[in-house]
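Here is how the chains run, residue by residue.
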Amino acid sequence: MAGYLLKRLGGAVVVLFLTALLLAAAVHLVPGDPARAVLGAHATPELIAQIRIKMGLDKPVAMQLWDFFSGLLRGDLGTDFVGGVPVTTLIGEALADTLALALASMILAVAGGIPLGIAVARRPGGVLDRLTHALSMVFVSAPVYVTSLILLLIFAVKLRYLPAMGAGQFSDPINYISRLILPATALALFWWGYLPRILRATMLDVLGTQYIRSARAFGFRENVIFYRYALRNAVLPIVALFGLMVGYSLTGTVFAETIFGRSGLGTLALSAIDQRNWPVIRGVVFTYALFFICANILADLSYRVLDPRVRLSEEFETGV
Amino acid sequence: MSELRQTVIRMLARPAGSIGFAIVALTLLVAVTAPLIAPYDPAAIAMAKRFAAPSFDHWLGTDHLGRDNLSRVIHGTRLALTIAFPAVLSAFAAGLLLGLVAGYVGGLIDRVLTVIADTFLSFPSVILGLALLTLVGQSVLNTTLVIALSLFPYYLRLARGLALSTRHQPYIKAERSLGAGRGRIMFLHLLPNMLPPLLVVVAMDIPSAIVIEAGLAFLGLGVPPPAPDWGVLLNEGFVNVAISAWPLVGPLMAIIFVTTGFTLLGETFRDIADPRLAGLGRRTGRFLMRRAR
Amino acid sequence: MITRRNLLLSAAALAALRPLGAGVAWAEGTTLRFGPQLDPGTLDTLTNVYDYPFPPFSTVYEGLTSYMPGSEWKPVNRLAETLELAADGTTISFKLKEGIQFHRGFGELTAEDVKYSFDRATGKVKLYPDAAEGDVSYYGGDFGSYKEVQVTGKYTGVIVFEKPFAPMLRLTLPYATSGLIVSKKAMEALGKEGWLKAPVGTGPYEVVSYTPNKELVMKRFAAYGGAAGQDAKSYPWDEIKVSLVNSSSAPTGAALTAGVESGDFDFTYNISPLDALRLQNNETVKAYVLQQPMSYNFLQLNVLHPKLANPKVREAIRYLVDVPALIQAQDLDVATRLNALIAPQMGVGYWPKAPVYERDVEKAKALLAEAGASALELDLSTPAGGQATAATVMQVIQANLAEGGIKVNVLLTPPDTYIKDKAVGQLSWSNYGGAPDPFYQFEWFTCDQFGQWNWAFACNADYDKLHEELAAERDEAKRTEIAIQMQKLMDASLGYIWVNHQVACAVTAANVEAAFDPNGNPYLQYFKKV
Amino acid sequence: MSDKPLLDIKGLDVSYHLDGDVYAALRDIGLTVTPGEIVGVVGESGCGKSTLSASLLRLLPGNAEIDRGEAWLKGRDMLRLGEEELRRLRGRDIAMIFQDPMQSLNPTFRIGSQMAEAWRSHQARGAKFADFHGEAVKALTSVGIPDAAERMASYPHEFSGGMRQRISIATALLLQPSILVADEPTSALDVTLEAQILELLKQLREDHGTAIVYVSHDLGTVAELCDRVIVMYAGRVVEENDAAALFDNPSHPYTRALIDCIPSRTRRGAALATIPGRVPSLSALPPGCKFAERCTMARGICSEEEPGLVPQAGGGVRCHMFDPAKAEAWRIGDQAPESVAAPPFKVSVKEPEREALIEVRDLRKHFGEATGFVGRLLSVARPPVRAIDGINLTIRRGEVVGLVGESGSGKTTLGEVMLRLQAATSGGITFAGKDLRQIPERDFRRRVQMIFQDPQASLSPRQRVAALLTEPYRIHGIAAEEQQSVDALLAMVGLSADLAAKFPHQLSGGQARRVGIARALALKPDFIVADEPTAGLDVSAASAILNLMRDLQQELGLTFLIITHNINLIAYMAHRIAVMYLGQIVEIGPTEAVFDRPAHPYSASLLSLTSQIDAPERKRGRLLVPGEIPSPRNPPAGCRFHTRCVHASERCRSEAPTLETAGHGHEVACHFWRHIDQEKS
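Residues numbered from 1 in each chain as written. Chains lettered and ligands numbered in written order. Predicted model: local features only at pLDDT ≥ 70, side-chain atom pairs only at ≥ 80, totals over all residues. Heavy atoms only, no water.

**Q** Can you tell me about the sheet that holds strand β12 (residues 315-317) of chain D, naming the residues and giving the values?
**A** In a beta sheet, neighbouring strands are held together by backbone hydrogen bonds and run either parallel or antiparallel to one another. All names here are of chain D. An order of β6-β7-β8-β3-β9-β10-β12-β11 is seen for the eight strands of this open sheet, with the pairing classed as mixed. Each edge of the open sheet is held by one strand with a lone partner, namely β6 (94-97) and β11 (310-312). Between one strand axis and the next, the sheet turns through 25° on average, direction left out of account. (Pairing = 2+ DSSP bridges. Helix = DSSP H or I, 4+ residues; strand = E, 2+ residues; numbered from the N terminus. Axes fitted to C-alpha atoms, helices over the stretch in contact; angles between N-to-C directions.)

Right under this line is the structure:
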């Protein structure tokens, strides 16, 4: 276990290093002068030159790379070109809103998807099964921006049901949570389509296994077999989906934040790209990568903890 | 060939398969005949008719520049497919080849390729796409390449995994014991056996590519105007939604319709061509991961 | 890029349909809450990124003269009692009002402070007594050929130029932040760090605290000398709080207007036109649509690019572009059409008889045929960023030109070389900010602006010469004559297709009445409670 | 034993429905089980054995349908019980253990909790849950799980396959059903473990009077264990009789053929019987006798009319031949049917030449050997797997050497290292007088071949047979005139030419195996390693393959190393036998000598445990080997077998024995072989 963890962490560090290198190098490939982009209209050449010095763009490339990496090791992602704020501060603020949304969507996804999956698996071929099957295809296929837009049109525009725009303030939790409902639902819809399908499939798989037959042969009660014996094993692989869920949520938030006018990592990235604000772009993308990698390691570890079979196996991994 | 025909017949026998097939066929038809069936030039601006509601002349109304929404959606179909297919196929070809080499040859090559793939995989594809398109500039070709680049590491990983598991199959050992060389084993024995499951993935990834592409365009980094890309239509529709929601209706329906169609077809194909994939394994996880991005 | 910015703004449009929450809280007490507003970088007059009389610069500092709220572009004396331009245009003598105090007890304003401020702006003295390398004035260019200030008395002095510099009176002194007067004594006492924390001016409000990217708090300056001819006590606000944001996390769209709508702010500036239109129907707030006659949108055609080198091609394009449609495409039915560079509001340099080109596709086709330009394919971009509606506008241009058989490729992310290399850039949709002097407005189209702002690459020695003359000439009628001549040259170059003035929008709580200078910049101290 | 049947199945018909086709899995099955009786059910795969066993508990999959029949258990017809009543019966009155012990326990629950659940499910029995722990420990201890109380907190994966099967049996023991259905309970286990499980089953019957239905394809274990046997074919019972009577004097041609197919020492040199053809598809059964197509005794009537079960002493037989009313057809021709086997002919076992073809000296193969600095640092915690650890072996040209041992003894690794499919860790191999390292790999590959364990999986699935057969020529660039044609290759292994266009998955196991052999022979190799050549094949197909291998060996003078756990096969084929244990050869010698006088206690046990069909051998005493093979990562010090050896002394624990001569060409690695030998005699 510890060895495995070390191995995974080692791999993650290598990947993060490469990620950082790519990001550090990218600023020198980007078209457009960040200094000019910062200043907009009526900037004099002198001023642009001054700004370039301030941004450190006049230094040799190797120096800039070194600055970036040494900063990274100190947990310093550099300073925003435009406002001069530490990038970590910007990300910290944005991350709170993004994580709130991601978390809310994952809670909704699990709270809706798992019970529905159980209900469907209980009566395969039943009315609920058929209904979910047809709908789940649409849910699984529709991208976040489509579900977001549709929800927005239906609830916010047509029914005027929930406050739609913006993220609100933590200081007003009820308002804050009410603003989470629509975007979180838009992100959870995919899982409401996906989880029941997966759970149904794994449940049917598990119910067909030898150990379930064996349990039947020993006269176990059907409820025990379904809810205790089969369900635990069927839910296990879904734990491995946790990493994907985090990935999906983080990606999805880019769209949901845009559409629902929320502040967050996604909108921060977009405005930074808009301004060619490379320190911020770098920082945000690096944060995404960090979360992705951590989520996957976490998913693997939790799977290992939950499933005694893979605890010892070194082969099992879901990738980075 | 008869195997293929049988697969098709079995797919059509299922409701999901036949619906999916019908949608995909219709999509292809629309894409091919777009200029013939679109009632208007998708780029024809008529400021006098801005934001018209649906009427007999404009079934889905007009947009903020007075262009016909329906015609734009129809032409967008063509665009979506001309990006999705080459993107997925080129990513597939590259990923398959490198994954095969990584999985079978192993060693340093494997480690290098896996780390590269993992590095790409550690970015959400939308973020990766945004960053890359910012670097290389917006065009149809660049969008295609960026999507291919974001899909390619999955194929590499997938092909590598398949190659790894297949290389331990007895028949590969048997070939080695006959004295068959690496090339022969990889391309004559491994490759044909890895293709069917991977083709399933490819079929299921067409909608993913469409979704990524439209997503990038929605965020403003897709194909340049006046291309009536679905993502661009969504973007423009969303921007003006306070004035008229009609420009959104067409592209929203189109994306749902087409992605669902391809997904139905892909899943049916998967169930029939490779029932092993139907259950949840790590591979399904991979499918999902890609879909999720 | 542009579409995305648009996208972020559009959230605003949706909020139009959002049901109103709890009743809007009314501005309380005597605090004016303004925001969210982009952080100026620093509060220094010479290193901020605003470069125009925006709060806090217009509240903390004062200049010798200033423009007043309203639409009249007429500078009035502020710190100056009198101001006189010599006949040869090379000197301006001034006499300061007496008894004007600097904030925080840094004493009375003297001519020495004026000298120090201007020397500092032009780099003749260090920016701070303890200035580090790289601490330089951004805006020395505002002073033309400034030589020195001769202090002739406690309150009197003469500003001396090498060559005549007329824009000083219309631009630098009343409008640019670089023309604002700082306290020499305070600067020497505070040093760089202290200065940047809370700079010292003579304005009606003094800085209480400044937290970059967070908040700026100003309070009424009790000892205000009333340079504006008005007792500061008549301003209704005891305190002004500006909520500052970093540009990377600046809210847009509905998130921007939400503050005023929910009562958290009394005033928000730079909202989108669509939001302004929407909020006009909202009784709890007041929306403002402000003409910015000094700022302008136009299309530049790179006259040196081989594809556009033939004037007939450029003329054809001018006939193809549907200017009213371009204005409409910006959602700005309130914007006025621009027929030449200088707006009538400028008061000087306006060309009333500037030709108005109506769309004529047939004529354009004929011209193209004459030029032998068939299957022409051109690039169109909005280099160096632009307004949210740029993508839409470019699509209209694209469609307009398509009717003449010209294929236009819209580059949403143009390469660096698009403006730097005359062989690369072709058509450029341009959104330029401006300032109230023709000299400044014409500055971007001289030969030495190649690679900077002269994206049309139209260079004319006569134009450059006239531009110099414009700097030197102090007679307004003559300046207008020169300006008309220059605009004629621009027209003849066929490098520019003029479209419209820009418009800015803002919103206040219903009980606050905002005040703006003639270019639409807010004047916080003149805001009123109703 | 009471005569009143515990379980009485009458006229049971079961069908499977799949993709619109109906498969007649069971037809007209009758089966009675009396208390304390062990009933064996045998037959080839696809004959309906497993369907029958599942039917006994009504544990059929969803697509199966019971069309007809009765199943009386304790006075109730199980087929007409409701789900809940049925559940109460299961486990308490009739329980079942399954073939794959690795799959029969829920991997995510501790075994104690699984047993507790079984206990809880049947609390109606009146026992209190408080008693559970004690009972469970008792049950686990009695099936031979040491430290039962602690081990109840372990997860299934922490047990070996054999142990898991014991846990299943313990669970049954806990509930004390009157009948235990055991569906191939030992098929996945090694012979030593198989013997242990069989012992356990016998004991279950002794101690608790549990009746057992023992389902197996392995006639040997059935003969060993069962009182009564039913033979199934194509979903029907074709013969039923007391075990002794059935094996000594089989009636049905199918039963006879099955028995004659089995290789054994006594059949050495003779051709084995074979059964042509395949079990017919259950969805398209022929009319008449289902075995008629493959029966050498079939007459016209057989394909017209389905025979009924003709009663005989001890049971019955489903064959017209034994129906006095129908037997006329046979009376005219030959008299009483003798045997369906090919006419027995003795072929002298050709002696190998003296020249050594391949020679292995002190060969070692360690997996997970730490490499590099970091690896060595980490290796402190994790020693390498010593798959083979110091092997010396010489195989002469034309010789057939059999290599036996339990799984995990390193047999397959040895074969693959000898063929250079894996690199040796140390030691030398000489091939045809040359050091292997000096022979270019390509040349070596032309001269040696391997026949892999799984016949179908060792053929590249997307290649046609013709392409597979000629691939060796393409790989080695053999000139066309030196190639044998596809037809000739197919003919050589007894396949018809029309198979050339088929894909591997369209072949039967036996056909695939033949194609594999033809491929191996295409290059006319000198040396062939055959890894479990009959694994996965039904007895009838296996016997045909053995016949083929023997014929080819004789004709072409091939040199074989046969790796197998099937000692009968070695006894039948090999000149010499080598017994491996934990990566080392513990005994090697001429087959006859080793079989007559096994010197090593381990080989003696293995030989004694090998189930025998033939009457005289059947009665031999069995020398059980306790425990399980230790991990090759940490082999025991001294003699590696000492942990399981009943003769082990202090010396065995500390000092590793070396091979010493125990007769002509007979070597053994045991400190006390002389002593043990004498003790035995």
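On we go from here.
**Q** Talk me through the domain arrangement of chain C; I want residue IDs and the actual numbers.
**A** Residues and elements named next belong to chain C. Looking at chain C, the domain boundaries give domain 1 (4-11 + 28-253 + 510-529) and domain 2 (292-503). Using only C-alpha atoms to locate each centre, domain 1 and domain 2 end up separated by 33 Å. Taken together, the contact pairs 18 residues of domain 1 with 25 residues of domain 2. Overall, the association of domain 1 and domain 2 removes approximately 1,700 Å² of surface from exposure, summing both partners, and the carbon and sulfur fraction of that is 56%. Linking domain 1 with domain 2 are three salt bridges, by the criterion used here. Between E476 and R170 there is a salt bridge whose closest N-O contact spans 3.8 Å. Taken together, the connections running from domain 1 to domain 2 amount to seven residue pairs in polar contact (both at pLDDT 80 or more). (Domains from an automatic or database assignment. Contact = heavy atoms within 4.5 Å. Buried area = accessible area lost by both parts, 1.4 Å probe. Salt bridge = Lys/Arg side-chain N within 4 Å of Asp/Glu carboxyl O. Polar contact = N/O pair within 3.5 Å; in protein donor to acceptor, adjacent residues only side chain to side chain.)

**Q** Give a description of helix α4 (residues 61-73) of chain A that names residues and reports values.
**A** Residues and elements named next belong to chain A. With 13 residues, α4 ought to run about 18 Å at 1.5 Å a step, and its terminal C-alpha atoms sit 19 Å apart, in line with that. Taken as a whole, α4 has its buried residues at Q64, F68, F69, S70, G71 and L72. In the segment just after α4, G75 is the residue with positive phi, at about 75°. (Expected span 1.5 Å × (residues − 1). Buried < 20%, exposed > 50% of the residue type's maximum accessible area, 1.4 Å probe, protein only.)

**Q** Residues and numbers for the environment of C:F439, please.
**A** All names here are of chain C. By the secondary structure assignment, F439 is in helix α13 (residues 438-442). It is 16 Å that separates the C-alpha atoms of F439 and A461, two residues lying 22 residues apart in sequence. Filtering out sequence-adjacent residues up to four positions away, F439 remains in contact with F165, P167, H467, L470, A471 and R479.

**Q** Could you give an account of unusual backbone geometry, naming the residues involved and the relevant values?
**A** If a residue is not glycine, its phi is most likely negative; likewise, a peptide bond is most likely trans. Here the residue pair C:P55 and C:P56 is connected by a cis peptide bond, since its omega of 10° sits within 30 degrees of zero. Mapped onto the fold, C:P56 is located in the loop between β1 (31-38) and α2 (57-60). The backbone of D:K74 shows a phi angle near 50°, a positive value even though the residue is not glycine. Along the chain, D:K74 falls in the loop between β4 (64-73) and β5 (76-77).

**Q** Can you break down the interface of chain B and chain D residue by residue, with the values?
**A** Accessible area lost upon the coming together of the parts is a frequently used measure of interface size. Taken together, the 17 residues of chain B in the interface contact 23 residues of chain D. A buried area of about 1,800 Å², summed over both sides, lies between chain B and chain D, and 52% of it is on carbon and sulfur atoms. A per-residue breakdown of the area chain B buries against chain D is headed by B:S177, B:L178 and B:R184, which together make up 34% of the total. Inspection of the chain B/chain D interface yields three salt bridges. Between B:R184 and D:E471 there is a salt bridge, and its shortest N-O distance comes to 2.7 Å. Where chain B packs against chain D, one counts eleven residue pairs in polar contact (both at pLDDT 80 or more). Elements supplying a minimum of two residues to the side of chain B that touches chain D: α7 (170-178) and α8 (182-218) of chain B. Among the elements that make up the side of chain B that touches chain D, the one with the highest residue count is α7(B) (eight residues). Among the residues making up the side of chain B that touches chain D, the classes are represented as eight nonpolar, four polar and five charged. (Nonpolar A, V, L, I, M, F, W, Y, C, P; charged D, E, K, R; others polar.)

**Q** How would you explain the pairing of strand β8 (residues 211-216) of chain D if you had to name every residue and give the values?
**A** Residue and element names in this part refer to chain D. The element β8 is largely enclosed, with a buried count of six among its six residues. Judged by which residues are buried, β8 turns out to be covered on both faces: A211, V213 and V215 on one side and I212, Y214 and S216 on the other are all buried. Bridge analysis of strand β3 (residues 38-42) against β8 gives five bridges, and the strand direction is parallel. Looking across to β8, one finds that V41 is bridged to V215. Sheet topology places strand β7 (residues 179-183) next to β8; five bridges connect them, and they run parallel. The residue bridging V181 from the neighbouring strand is V213, located in β8. Crossover connection from β7 via helix α7 (residues 191-208) to parallel β8: handedness right-handed. (Right-handed = clockwise from strand over helix to strand, strands pointing away.)

**Q** Any chance you could break down the environment of D:R120 for me, citing the residues and the numbers?
**A** Mapped onto the elements, D:R120 comes out in helix α3 (residues 111-121). Classification of D:R120 as partly exposed rests on a relative accessible area of 30%. Separated by twelve residues in the primary sequence, D:R120 and D:F132 have C-alpha atoms spaced 8.9 Å apart. The residues touching D:R120, leaving out its near neighbours within four places in the chain, are A:R221, A:R228 and D:F129.

**Q** Can you tell me about the state of the cysteines, naming the residues and giving the values?
**A** Under the criterion given, the structure shown has one disulfide over all chains. Here C:C447 connects covalently by a disulfide to C:C459, the sulfurs 1.6 Å from one another. Measuring the twist about the S-S bond at about 85°, one finds the C:C447-C:C459 disulfide to be right-handed. Here C:C447, found in the loop between α13 and α14 (461-472), pairs with C:C459, found in the loop between α13 and α14; they are twelve residues apart in sequence, far enough to count as distant. For C:C447, a relative accessible area of 22% puts it in the partly exposed group. The class for C:C459 is partly exposed, based on a relative accessible area of 42%. Considering cysteine sulfurs only, D:C289 is the nearest to D:C47, which forms no disulfide, with 12 Å between them. Sulfur of D:C261: no disulfide; nearest cysteine sulfur belongs to D:C47 and is 13 Å away. (Disulfide = S-S within 2.5 Å.)

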